Amino acid sequence: VGDNPLADEKLIAKMQTVFYRTNTIVAPEFNESLGNPIIFPFRYRTELMRLSGDTGGKKIIYTHMGDVTKIQAPPTVLFDIDTVDDIYKL
């Protein structure tokens, strides 16, 4: 994701490994909060394509919690850039 520049190669590789093993939605988590990036299996394509506006994939995650594999991640998964102030925080 473009607004989460702190998602590193190690996290993404771990997520890919879990995804290939489980074929579930894979989401990083820190202190019980979900972050980004998130990997969705192809079966969620139609639901993802129906999202509009500022609605993100977390809507789909909360609808299908039984098909989510959470992996522990560093706190940086919770940081994204939405404003100019966020850039300065980075």
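Let me sum up the structure you'll find in this document. (Residues numbered from 1 in each chain as written. Predicted model: local features only at pLDDT ≥ 70, side-chain atom pairs only at ≥ 80, totals over all residues. Heavy atoms only, no water.)

1. Looking at the sheet that holds strand β2 (residues 33-34)
Reasoning step 1: The strand order across the open sheet built from three strands is β2-β1-β3, with neighbouring strands paired in mixed fashion. Every other strand in the sheet has two partners, leaving β2 and β3 (68-72) as the edge strands with one partner each.
Reasoning step 2: Pairing geometry for strand β1 (residues 25-30) and β3, over five bridges, is parallel. Within β3, the position partnered with V26 by the bridge is T69.
Reasoning step 3: Seen against the sheet, helix α1 (residues 9-22) touches β1 and β3 and runs at an angle of roughly 150 degrees to β3. (Pairing = 2+ DSSP bridges. Helix = DSSP H or I, 4+ residues; strand = E, 2+ residues; numbered from the N terminus. Contact = heavy atoms within 4.5 Å. Axes fitted to C-alpha atoms, helices over the stretch in contact; angles between N-to-C directions.)

2. Some words on unusual backbone geometry
Reasoning step 1: N36 connects to P37 through a cis peptide bond whose omega is 5 degrees.
Reasoning step 2: Tracing the backbone through its elements, the reader meets P37 in the loop between β2 and α2 (45-50).
Reasoning step 3: In this structure, N31 is a non-glycine residue whose phi angle is positive, near 50 degrees.
Reasoning step 4: Locating N31 in the fold gives a position in the loop between β1 and β2.
Reasoning step 5: Phi at E32 is positive, roughly 65 degrees, even though this residue is not glycine.
Reasoning step 6: By the element assignment, E32 lies in the loop between β1 and β2.

3. With respect to the nonpolar core
Reasoning step 1: Listed in full, the nine residues of the largest apolar core are I25, A27, L34, I38, F40, Y44, I60, I61 and V68.
Reasoning step 2: Within the residue set of this core, elements represented by two or more residues are β1 and α3 (58-63).
Reasoning step 3: With near-sequence residues (within four places) excluded, I25 lies in contact with I38, I39, F40, P41, Y44, I61, H64, D67, V68 and T69.
Reasoning step 4: Grouped together as the second largest cluster of nonpolar side chains are eight residues, L11, M15, V26 and A73 included. (Core = buried A, V, L, I, M, F, W, Y, C linked by side-chain atoms within 4.5 Å. Buried < 20%, exposed > 50% of the residue type's maximum accessible area, 1.4 Å probe, protein only.)

4. Some words on the environment of L34
Reasoning step 1: Here L34 shows up in strand β2.
Reasoning step 2: With 56 residues separating them along the chain, L34 and L90 place their C-alpha atoms 19 Å apart.
Reasoning step 3: Those residues in contact with L34, other than ones at most four positions away along the chain, are A27, P28, E29, K58, I61, Y62, K70 and L78.

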